[in-house]
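Read off the chains here:
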Amino acid sequence: MPGTTDNTAVAADWNLGPADADTCERLARTLSADGGDQVDSPAWVARARDAWDELPLPLRRAARRFRRHSGPRGTLVIGGLPVDRAVLPPTPAVPGSVQRQATVPAALLTMVACGLGEPLAYLAEKSGALVQDVVPVPGQEAFHGNAGSVPLSFHTENGFHPHPPDYVVFLCLRADHDRTAGMRVAGIRQALPLLTPAEREALSAAEFRTTPPPSFGPDTASGAGAEPRPVLSGAAEDPDIRMAQLVTTPLTPRAAAALAAFGRACEATARTLRLTPGDLVVIDNRVTVHGRTAFRPRYDGADRWLQRTYVTADLRRSRDHRPDDGHVLAR
């Protein structure tokens, strides 16, 4: 973007070696061997949870360290994971696309989710599926969400909700044709020093209202009854973020000025991840915002295809929102 500092990262933080990738593929194939619509089954998730312990030590160690402290950028990128490229079906191109059938990529995502905490979904978004497709959809090019292909502004996932995810995990199955699509990430730990004390104070006041994103549908878009919240909360030296540039409204003049300053700080410290098949991205949703650059889909079955799952570090804290102690928040 003109006028911004954008550190483009082409490579992953590190790549799995061939032997470790083979181990990941073997475990994922075992989980997906029966096929069928199993991904949202509690029994299948339990199998994935157990299988996590058999994944290669470097992958488990990286996730464990990231879970303890997600570092200056709040993002972990691991390359070289198997995604079964030879048998991938055409990239989905319908609204609300999800992955309910057990596949190698879905198994990998679910195992990693179980290593970080527990997978989580929202009934109002993507019909409560635990593994969701992030793909361009014909006619929704200008949609500010996972189905669009225009630039997507910085946001934390589902900051309007009492129980937003702690982590968001993406796995790249296909890159876009022109290799121009990028995931943009910016962390509070690098942006915070660019804010003045007055701006930090304003961002820490309950002077902002965040409504559900467009992906939750028109019935929730009004955000009726949403309580004002701060953008920054917790420890002053290392705060958490709840913010989405598209749907966070400042309620006072000082809040508006501070939110604009925060946006500039994010732009100044952002980097763009150009993902290739097999790249796994873990975002600490508590301290990192993310977005997307524009790209041009062709709708030919070979468009950009990411799969996504949400993770909570503490499933019990949302128990009152989850019927039958499942993984889906019904309200």
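Details of the structure are given in the entry above.
All values reported here derive from a predicted model rather than from experimental measurement.

Draft legend 1. How the structure looks around the overall build of the protein chain. Secondary structure assignment for the protein chain yields seven helices and 17 strands. Taken over the C-alpha trace, the protein chain has a radius of gyration of 19 Å; the compact-globule value for 331 residues is 20 Å, and the two agree within 12%. With respect to the principal axes defined by its C-alpha atoms, the protein chain has extents near 55 × 45 × 40 Å. Across the protein chain, contacts joining residues at least 24 apart in sequence account for 82% of those joining residues at least 6 apart. Just so you have it, the protein chain exposes about 13700 Å², and 53% of that area is on carbon and sulfur atoms. Charged side chains in the protein chain number 37 positive and 37 negative. The centres of these two groups are separated by 3 Å.

Draft legend 2. Broad picture of the environment of Arg317. Take Arg317: it is sitting in the loop between strand S16 (305-312) and strand S17 (328-329). Put simply, Arg317 and Pro162 are 155 residues apart on the chain and 9.9 Å apart in space, counted from C-alpha to C-alpha. Beyond its immediate chain neighbours, meaning those up to four positions away, Arg317 contacts His163, Pro164, Asp166 and Thr312.

Draft legend 3. Examining the nonpolar core more closely. Within the largest apolar cluster, 44 residues are counted, with the highest numbers of intra-cluster contacts made by Leu108, Met111, Leu116, Val169, Leu171, Leu280 and Val282. Of all the elements in the fold, those that place two or more residues in this core are helix H1 (18-32), helix H2 (42-52), helix H3 (57-68), strand S3 (75-79), helix H4 (104-116), strand S7 (167-174), strand S14 (280-284) and S16. Counting residues per element, this core draws most heavily on H4, at ten residues. Residue contacts for Leu116: discarding those within four places in its chain leaves Ala63, Arg67, Tyr167, Val169, Val282, Val311 and Ala313. Ranked by size, the runner-up nonpolar core spans 23 residues in total, among them Leu195, Val231, Met243 and Ala258.

Draft legend 4. Representation of the pattern of salt bridges within the structure. Taken as a whole, this structure holds 14 salt bridges when the rule is applied. With a shortest N-O distance of 2.9 Å, Asp325 and Arg322 are connected by a salt bridge. Looking at Asp325, the relative accessible area reads 44%, which means it is partly exposed. Among the residues examined, Arg322 registers a relative accessible area of 1% and is labelled buried. Bridged by salt links that share partners, the residues Glu25, Arg29 and Asp84 form one connected network.

Draft legend 5. Structural context of the packing of H2 against H4. At a closest axis distance of 8 Å, the pairing of H2 and H4 adopts a crossing angle of 70°. Taken together, the axis directions place H2 and H4 in an arrangement best described as roughly perpendicular. Contacts from Trp44, Val45, Ala48, Arg49, Ala51 and Trp52 in H2 reach Ala106, Ala107, Thr110, Met111, Val112, Cys114 and Gly115 in H4. Here the contact of H2 with H4 is composed, by residue class, of ten nonpolar, two polar and one charged.

Draft legend 6. A look at the packing of aromatic side chains. Counted under the stated rule, the structure contains four aromatic pairs. Ring plane angle 45° and centroid distance 6.1 Å describe the contact between Phe66 and Tyr167, whose orientation is recorded as tilted. Taken together, the positions of Phe66 in helix H3 and Tyr167 in strand S7 put the pair 101 residues apart, joining distant regions of the chain. Exposure class is identical for Phe66 and Tyr167. Each is buried. Relative to Phe216, the ring of Tyr122 has its centre 5.9 Å away and its plane inclined at 65°; by these criteria the two rings are edge-to-face. A residue pair is termed long-range when its members are at least 10 positions apart, and Tyr122 in strand S4 (residues 118-122) and Phe216 in the loop between strand S9 (208-210) and strand S10 (232-233) qualify at 94 residues.

Calculation rules
Residues numbered from 1 in each chain as written. Predicted model: local features only at pLDDT ≥ 70, side-chain atom pairs only at ≥ 80, totals over all residues. Heavy atoms only, no water. Helix = DSSP H or I, 4+ residues; strand = E, 2+ residues; numbered from the N terminus. Rg over C-alpha atoms; globule rule 2.2 N^0.38 Å. Contact = heavy atoms within 4.5 Å. Areas by Shrake-Rupley, 256 points an atom, 1.4 Å probe, with all protein chains shown as cover. Lys, Arg positive; Asp, Glu negative; His and termini not counted. Charge placed at Lys NZ, Arg CZ, Asp CG, Glu CD. Core = buried A, V, L, I, M, F, W, Y, C linked by side-chain atoms within 4.5 Å. Buried < 20%, exposed > 50% of the residue type's maximum accessible area, 1.4 Å probe, protein only. Salt bridge = Lys/Arg side-chain N within 4 Å of Asp/Glu carboxyl O. Axes fitted to C-alpha atoms, helices over the stretch in contact; angles between N-to-C directions. Parallel < 35°, antiparallel > 145°, perpendicular 65-115°, else oblique. Nonpolar A, V, L, I, M, F, W, Y, C, P; charged D, E, K, R; others polar. Phe/Tyr/Trp six-rings, centres within 6.5 Å; stacked < 30°, edge-to-face > 60°.

By themselves, these observations are geometric and do not establish any function.
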